[in-house]
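# Fold and contact review
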Amino acid sequence: MTSRKQSRRLTWLRIIPATIALGTLVVSTMTGPAPAAAVSGTVRANPVITWDLNAQTAIWDIAAQQPNEQVRSFAMVNGAVYDALNAIAGIPYQPYLTAPPSSGTESVDAAVATAAHDVLAALFPDQRERLRAQYDAALAMIRDGRSKQGGIRIGARAAAAMVTARQDDGAFGDQQWTHGTRPGQWRPTPPLFLSQGAWTGHMRPFLIPRASMFRTPEPPQLTSSAYTRDLNEVKELGSATSTARTQDQTEAAIWWHDRRSGSWEIKRQLATTQRLDALQTARFFAMTDLIVADSGVACFSQKDVWSYWRPVTAIQRADTDGNPRTAADPGWQSLLVTPPFPEYPSGHACGTGARMSLYRHVFGRDDITFSGSSADSGTTRQFTSFSQALDELIGARVWGGVHFRTADVEGAKIGEEVYRYAVRHYFRPLK
């Protein structure tokens, strides 16, 4: 990356926060008795949660990866952690990549720390010294002996399998978005007019066979009633100066846009409130992160197909769309900074649709209460169900002025389709 590109990317990073067997996969397998090897010993902090927090520090707090980048990193970390613990537990579930040989007596804490550390060190070589110190401190808390060494061995093998599997997967490639000047065609948006992330739809998925497996219908025609409703809704509610948007809608828009995603906190919170042990947590985190990563790949593949313009472009240039029921506002600006890639379908809705569909399936119910906080909005939002959270996200992207409602609805469908495929083919119980 050139110094100029680095400078532009850092500017973008600063601006965003400133502005803003299938039936057996349900709750019984997540919260029921775990294999003895997974639950033996005294009660202690869940190491999977601890290292997910450590991963967040590396991925966001230091590396400042953006959402399409973050999901790959989390998937690699938690996929490796899952394979390590699944092996120690006697392979009760389908491995993702590998099941290193195990006697069942290996240290879970050592395996989690090693698997997570080794993947993070491979992803972020500039952080290796800091990560090594963190890892050494974690190992120092574990009694020396064969169990510890065995956990290190299994964690290292699981991490190596993941790092090897993701080599040359297309991440951070040089693909470019198609720019256009005709009505409906995407072009870079203010204030920075960047074009980024086109490689995402070309990256090799983790679970689904190919990026283009799930497809969205064509975006609404510019002269259709659906497009008219979409444009006029976001024009009224998504403007930086909107008087129709409520304070709660404003806070929701900023909360959901926060690149330090509240979804990470929610994932860990659910593991705690639903009393998942280390193996159950590892499986839950791996399912979540790999499925969400693939929903992003599928979504960006469709963005590439349609290359559809963003609301800020559509509203400023509505006099060119051939629709007499839309009116141009050349000075219109969105509440949030528009992401630097095409609009349709919504990537956030793809990921949230996958995530909330999976959570409802895993725990066997929709009405579980959870919450998450945002530094950008300075608020904590409470939810009483997974469907409520998804519904709010669909509205929030409109209230923020960065998406048309149709893109959110269709994005959520893509996420659900990816989830359905994944749970039919991966992570299934073997015992």
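I will try to describe carefully the structure that is included in this document. (Residues numbered from 1 in each chain as written. Predicted model: local features only at pLDDT ≥ 70, side-chain atom pairs only at ≥ 80, totals over all residues. Heavy atoms only, no water.)

## Things to note about the overall build of the protein chain
For the protein chain, the helix and strand inventory stands at 16 helices and two strands. Expected size for 431 residues packed as a compact globule is a radius of gyration near 22 Å; at 22 Å, the protein chain falls within 12% of this value. Counting only C-alpha atoms and orienting by the principal axes, one finds that the protein chain spans roughly 75 × 50 × 40 Å. Burial statistics for the protein chain: of 431 residues in total, 58% are counted as buried. Looking at the protein chain as shown, the accessible area adds up to about 17,300 Å², and 52% of this sits on carbon and sulfur atoms. When the 45 positive and 39 negative side-chain charges of the protein chain are each reduced to one mean point, those points stand 4 Å apart. (Helix = DSSP H or I, 4+ residues; strand = E, 2+ residues; numbered from the N terminus. Rg over C-alpha atoms; globule rule 2.2 N^0.38 Å. Buried < 20%, exposed > 50% of the residue type's maximum accessible area, 1.4 Å probe, protein only. Areas by Shrake-Rupley, 256 points an atom, 1.4 Å probe, with all protein chains shown as cover. Lys, Arg positive; Asp, Glu negative; His and termini not counted. Charge placed at Lys NZ, Arg CZ, Asp CG, Glu CD.)

## Quick look at the nonpolar core
Of all hydrophobic cores here, the largest spans 104 residues; its most connected members are Leu 85, Phe 206, Leu 270, Phe 284 and Ile 291. Once you skip the residues sitting within four places of it in the chain, Ile 291 turns out to touch Leu 207, Ala 286, Ala 354, Leu 358, Val 418, Tyr 419, Ala 422 and Val 423. Ala 314, Ile 315, Tyr 344 and Ala 407 belong to the second-largest nonpolar core, a separate cluster that totals 14 residues. (Core = buried A, V, L, I, M, F, W, Y, C linked by side-chain atoms within 4.5 Å. Contact = heavy atoms within 4.5 Å.)

## Side note on the state of the cysteines
Taken as a whole and judged by the stated rule, the model has zero disulfides. Note on Cys 299: no disulfide assigned, nearest cysteine sulfur contributed by Cys 350 at a separation of 3.0 Å. We classify Cys 350 as buried; its relative accessible area is 0%. (Disulfide = S-S within 2.5 Å.)

## Details of unusual backbone geometry
The peptide bond linking Pro 190 to Pro 191 adopts the cis configuration, its omega dihedral lying at 10 degrees. On the secondary structure map, Pro 191 appears in the loop between α8 (146-165) and α9 (225-237). For the peptide bond that leads from Tyr 344 to Pro 345, omega is -5 degrees, which places it in the cis range. One non-glycine residue, Ile 91, lies in the positive phi region at around 60 degrees. Residue placement: Ile 91 occurs in the loop between α5 (67-88) and α6 (108-123). The residue Ser 307 is not glycine, and still its phi comes out positive at about 40 degrees.

Purely spatial values, then, with no claim about function.
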